[in-house]
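Chain residues, written in single-letter form:
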Amino acid sequence: SIAIMNKGHLIVHAAPEQLLRSVQEKVWEVVIASSELTELKRTHIVGSTTRTAEGVRARVVGEGAPAATARQVSQTLEDAYLWLLSSHQREQQDE
């Protein structure tokens, strides 16, 4: 099993398969113009980016598609980590 911690606090301790299920249908890939990247990072959880001839290919984790041109992709443990950490931080802000 895998433990995910944030600032010394345990967020979740679960099997990898369970962590992957937590982000099922929440991972997207979208190609955007370089000029749109800052706004995307401000409004979404961006896991990774790759510069291509078409623009910036961004991997995004979230409830819905970040753009009409986004397509769903398979989730990874990194995606689950980013989603769970972000969710935990939002919960902390709400308290």
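Scroll up for the structure.
What you are looking at is a predicted structure, and each value in this text was computed from that prediction instead of being measured.

(A) Expanded view of the sheet that holds strand 3 (residues 27–32). Pairing is antiparallel in the open sheet, where four strands are placed in the order 4-5-3-6. Unpaired on one side and paired on the other, strand 4 (45–52) and strand 6 (71–72) mark the two borders of the sheet. With seven bridges joining them, strand 4 and strand 5 (residues 55–61) adopt antiparallel strand pairing. Considered in strand 5, the bridge of S48 is made with R59. Packed onto the sheet, helix 3 (residues 77–94) meets strand 3, strand 4 and strand 5 and runs at close to 135° relative to strand 4.

(B) How the structure looks around helix 3. Between the first and last C-alpha of helix 3 there are 26 Å, a value that for 18 residues agrees with the 26 Å anticipated at 1.5 Å per step. All of the buried residues in helix 3 are D79, A80, L82, W83, L84, L85, S86, S87 and H88. On its buried side, helix 3 packs onto strand 1 (2–6), strand 2 (9–14), helix 1 (16–21), strand 3, strand 4 and strand 5.

(C) Quick peek at the pattern of salt bridges. Counting across every chain of the model gives four salt bridges. Linking E29 and R57 is a salt bridge whose minimum nitrogen-to-oxygen distance equals 3.4 Å. Pair noted here: E29 is in strand 3 and R57 is in strand 5, with a separation of 28 residues, a long-range link. Taking relative accessible area as the criterion, E29 reaches 17% and is therefore assigned buried. Of the residues examined, R57 reaches a relative accessible area of 29% and is grouped as partly exposed.

(D) Local environment of unusual backbone geometry. The residue K7 is not glycine, and still its phi comes out positive at about 55°. By secondary structure assignment, the location of K7 is in the loop between strand 1 and strand 2. Of note, the phi angle at E25 is positive, near 65°, even though the residue is not glycine. Relative to the helices and strands, E25 resides in the loop between helix 1 and strand 3.

Criteria and cut-off values
Residues numbered from 1 in each chain as written. Predicted model: local features only at pLDDT ≥ 70, side-chain atom pairs only at ≥ 80, totals over all residues. Heavy atoms only, no water. Pairing = 2+ DSSP bridges. Helix = DSSP H or I, 4+ residues; strand = E, 2+ residues; numbered from the N terminus. Contact = heavy atoms within 4.5 Å. Axes fitted to C-alpha atoms, helices over the stretch in contact; angles between N-to-C directions. Expected span 1.5 Å × (residues − 1). Buried < 20%, exposed > 50% of the residue type's maximum accessible area, 1.4 Å probe, protein only. Salt bridge = Lys/Arg side-chain N within 4 Å of Asp/Glu carboxyl O.

All quantities given are derived from atomic positions and should not be read as evidence of function.
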